[in-house]
Amino acid sequence: MRDEFPAALKARKSLPILQCHGDEDMVVRVTWGMGSHELLKGTMEDVTFKTYEGMQHSSCFKELKDVSEFLLKHDIGMPSSKL
């Protein structure tokens, strides 16, 4: 896939993207996450990368809060009739 990117990109360039990563992740290294972030920044208009101190390959309250705020900010979520 990396040989085909970004030519294979079909998403609209304004699609907001939030990338979250723990700085102690030993499964997917934070440098790999940063590398994909740099690649996305070159093709997309709204890319955010957040790093969480002490977080491994998991999640934390701060990350979940940031994701929730991101979804609300971009009006992304389930229709209210589904809640």
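Here, the structure is the one placed above.
This write-up is about the structure you can find in this document. (Residues numbered from 1 in each chain as written. Predicted model: local features only at pLDDT ≥ 70, side-chain atom pairs only at ≥ 80, totals over all residues. Heavy atoms only, no water.)

1. Description of the pairing of strand β2 (residues 47-52)
In the case of a regular strand, side chains alternate between the two sheet surfaces.
Here's step 1: In the sheet, strand β1 (residues 17-22) pairs with β2 via 6 bridges, with the strands oriented parallel. Each residue of the ladder has a partner; that of His 21, found in β2, is Thr 51.
Here's step 2: In this region the chain leaves β1, passes through helix α1 (residues 30-41) and returns to the parallel neighbour β2; the handedness of that crossover is right-handed. (Pairing = 2+ DSSP bridges. Helix = DSSP H or I, 4+ residues; strand = E, 2+ residues; numbered from the N terminus. Right-handed = clockwise from strand over helix to strand, strands pointing away.)

2. Concerning the side chain of His 37
Here's step 1: Residue placement: His 37 occurs in helix α1.
Here's step 2: Exposure remark for His 37: the relative accessible area of 10% places this residue in the buried category.
Here's step 3: A polar atom in the side chain of His 37 sits 3.2 Å from the side chain of Gln 19. (Buried < 20%, exposed > 50% of the residue type's maximum accessible area, 1.4 Å probe, protein only. Polar contact = N/O pair within 3.5 Å; in protein donor to acceptor, adjacent residues only side chain to side chain.)

3. Describing α1
Here's step 1: Taking 1.5 Å of rise per residue, 12 residues should cover 16 Å, and α1 covers 16 Å from first to last C-alpha, within 8% of that figure.
Here's step 2: Three or more residues of α1 are buried, namely Val 30, Gly 33, His 37 and Leu 40. The arc that holds the buried residues of α1, viewed along the axis, is 80 degrees, so those residues lie on one side. Turned more than 90 degrees off the buried face of α1, the exposed positions are Thr 31 and Trp 32.
Here's step 3: Buried-residue contacts for α1 involve β1 and β2. (Expected span 1.5 Å × (residues − 1). Arc of directions from axis to C-beta. Contact = heavy atoms within 4.5 Å.)

4. Describing helix α2 (residues 61-73)
Here's step 1: Look at α2: 18 Å from first C-alpha to last across 13 residues, which is about the 18 Å you get at 1.5 Å a residue.
Here's step 2: All buried positions along α2 are accounted for by Glu 63, Asp 66 and Phe 70. The buried residues of α2 all sit within an arc of 60 degrees when viewed along its axis, so they share a single face. Opposite the buried face of α2, by more than 90 degrees, sit the exposed residues Phe 61, Leu 64 and Leu 72.
Here's step 3: Buried residues in α2 make contact with β1 and β2.
Here's step 4: A positive backbone phi angle near 50 degrees is found at Asp 75, which sits one or two residues after α2.

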